[in-house]
There are 2 protein chains.
Amino acid sequence: MDDVLAKPVSIANQIHQRLRDEIVHAVLKPGMALSEADIAARYKVSRQPVREAFIRLAQEDLVEIRPQRGTYVRRIAAVSVLDAHFVRDAIEVAIAREAAQKAQPADLEKLYALIACQATASTNAEFLASDEALHEGIAAMAEHLSAWRVVHQIKAQMDRVRYLSYGEVSPIDRLVQQHREIVDAIAAHQPDAAAAAVLRHTADILHQLPELARRYPEMFEG
Amino acid sequence: MDDVLAKPVSIANQIHQRLRDEIVHAVLKPGMALSEADIAARYKVSRQPVREAFIRLAQEDLVEIRPQRGTYVRRIAAVSVLDAHFVRDAIEVAIAREAAQKAQPADLEKLYALIACQATASTNAEFLASDEALHEGIAAMAEHLSAWRVVHQIKAQMDRVRYLSYGEVSPIDRLVQQHREIVDAIAAHQPDAAAAAVLRHTADILHQLPELARRYPEMFEG
DNA sequence: TTTGGTATGCTACCATACAAGTTAGCAGCA
DNA sequence: TGCTGCTAACTTGTATGGTAGCATACCAAA
């Protein structure tokens, strides 16, 4: 299954993807200063493609460009996570409802395969990758892939928090079980049940938020 | 009421805003080729800020950058409009529900003022501006402004169609009436009624779509 | 007529140089 | 000691030149 955004051709695109990953995975910590010149030197390229990568990241709200001052990895705003959650819920519930109506046996098999894959995932990155693939698969089934692209972008804010919380708060088994409930409801062509299952699933991260903000205060703003 | 994205400082930002407006208002027609050099010459600036504006537009799906080939105003894909509609519905319905719960008298006055303003609008641009202000105001009341930012971006795809259809299909009076029903439901603190009103409102454009695609085939793809 | 190679002019992409603004730090003075 | 103001070292923003890739037109050969 190809990634939803696959065009790693130009240098600017490559820099963008790498920086995006590093920010989402919290390798580049919130609040950290990023200099065009520094990144350019690190990757042995000129400032120009780095600059263009920064522009993309800024539009995704992952960095903040302060003119003539510097570019900084955005701190995680609790309100942003809440709003990201709000938007994601709205879209994914709608997607799940349509998926429940359009579900085909062949598609369902793939989803269950992904869930099985999750259950045996050994690393957080591995789990989150198949997690994303699952949600994307559901969107594909509902024939709303470009709606999923919106979620994908929004999700970056939440994923930063999820990487912080790996193994600390949310047990994998529980998430896998929630996934199973979602797909079961879809397979049974029950839109309401699917919507409810999605809500239960996405609600989890919100409960973790206050604890995480307490534990990693320097990564949050406000 | 400030616009949701107000930072027209750098040349790149100014170029971006102007081009965005011209694309959304269909001054720059779908399929038209945009050259960095041409735009730079038109606005008497260098190619660099134009290029950065193109990058922003590409991320908003308003232009398509084909490396070493050219940059083109995206044709309107019917499926994109459908998906834009899908996402917008999902978010705006959720916003309306929360607005219905959090509505304050002072906020409601502003909304009714906007509706009155719409009823007397003489140009399409004027109407759409206050239309946007109304929906943004509802989002502000629901305390989900950043969710509205997502809608704002998505909406660009639909607005291009709306500008095509001015005066031809959708009578202003009808839209204003729909707005009134939405705000009435919110004022009455009835989430379900508000959601239903929003759905009725946003459904209109979908009915216009086939007719518009028939009338302006060169602006659509597929 | 059709096919294939080539020249030309276009494009976006990248590197480099310069400009303009901000900030931190330190020297010097009250 | 504490404040003021300058300087120097950053930052991003803009301009410009050169390069590689693609498309078209043209011409020659089959």
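All chains use their own residue numbering, which begins from 1 and follows the written sequence. Working convention: letters from A go to chains and numbers from 1 go to ligands, in the order in which they are written. Restriction of local features to residues with pLDDT of at least 70 applies here, the model being predicted, together with a cutoff of 80 or more for giving and counting side-chain atom pairs; totals for whole chains, interfaces and linings are based on all residues. The side-chain figures draw on all heavy atoms in the structure; neither hydrogens nor water molecules are used.

> Can you lay out the protein's contact with DNA strand D for me, pointing to particular residues and giving the numbers?
Being near a molecule or strand, for a residue, comes down to having at least one heavy atom within 4 Å of it. Close contacts around DNA strand D come from 22 residues, with Arg47(A), Arg51(A), Ile11(B), Ser46(B) and Arg47(B) the closest. The sugar-phosphate backbone supplies 62% of the atoms of DNA strand D found within 4 Å of the protein. Side-chain atoms alone can form a polar contact between residues adjacent in sequence; in general such a contact is a pair of N or O atoms within 3.5 Å, and within protein one must be able to donate a hydrogen while the other accepts it. In this structure, Thr71(A) approaches DNA strand D through a side-chain N or O atom, which is 3.2 Å from a phosphate oxygen. Between DNA strand D and Gln68(B) there is a distance of 3.4 Å, counted from a base nitrogen to a backbone nitrogen or oxygen. At the level of elements, helix H3 (47–59) and strand E3 (70–73) of chain A together with helix H1 (11–24) and helix H3 (47–59) of chain B are the ones that each hand at least two residues to the surface near DNA strand D. A run of H or I in DSSP becomes a helix once it reaches four residues, and a run of E becomes a strand once it reaches two; helices and strands are each numbered from the N terminus.

> Give me the lowdown on the nonpolar core, citing residues and values where you can.
Ile91(A), Ile186(A), Ile91(B) and Ile186(B) are the most contacted members of the largest nonpolar core, which totals 118 residues. If we ignore the near neighbours within four places in the chain, the residues touching Ile91(A) are Ala147(A), Val150(A), Val151(A), Val87(B), Ala90(B) and Ile91(B). What we call a nonpolar core is a set of buried Ala, Val, Leu, Ile, Met, Phe, Trp, Tyr and Cys residues that are connected through their side-chain atoms within 4.5 Å. Note on exposure labels: buried denotes an accessible area under 20% of the residue type's maximum, exposed denotes more than 50%, and partly exposed covers the range between, all computed with a 1.4 Å probe on protein chains only. What makes two residues a contact is simply this: any of their non-hydrogen atoms within 4.5 Å.

> Go over the interface of chain A and chain B, please, and point to the residues and values.
At the interface, 23 residues of chain A touch 23 residues of chain B. For the pair chain A and chain B, the summed buried surface comes to about 2000 Å²; carbon and sulfur atoms form 58% of the total. In what follows, salt bridge is the name for a side-chain nitrogen of Lys or Arg lying within 4 Å of a carboxyl oxygen of Asp or Glu. Linking chain A to chain B there are two salt bridges. Residue Glu52(A) is joined to Arg51(B) by a salt bridge in which the shortest nitrogen-to-oxygen separation is 2.6 Å. Counting the contacts that link chain A with chain B gives eight residue pairs in polar contact (both at pLDDT 80 or more). Those elements that place two or more of their residues in the side of chain A that touches chain B are H3, helix H4 (78–102) and helix H7 (145–164) of chain A. Looking at the side of chain A that touches chain B, the element that brings in the most residues is H4(A), giving eight residues. Under this grouping Gly is polar, as are all residues other than the nonpolar Ala, Val, Leu, Ile, Met, Phe, Trp, Tyr, Cys and Pro and the charged Asp, Glu, Lys and Arg. Of the residues in the side of chain A that touches chain B, the class split is eleven nonpolar, four polar and eight charged. Each of two parts loses accessible area, computed with a 1.4 Å probe, when they are put together; buried area is these two losses added.

> Hey, could you go over unusual backbone geometry for me, with residue numbers and the actual values?
All names here are of chain B. Phi at Ala26 is positive, roughly 60°, even though this residue is not glycine. By the secondary structure assignment, Ala26 is in the loop between H1 and strand E1 (33–34). A relative accessible area of 13% means that Ala26 is categorised as buried. Phi angles above zero are rare outside glycine, and Gln68 is one such case at about 65°. For Gln68, a relative accessible area of 81% puts it in the exposed group.

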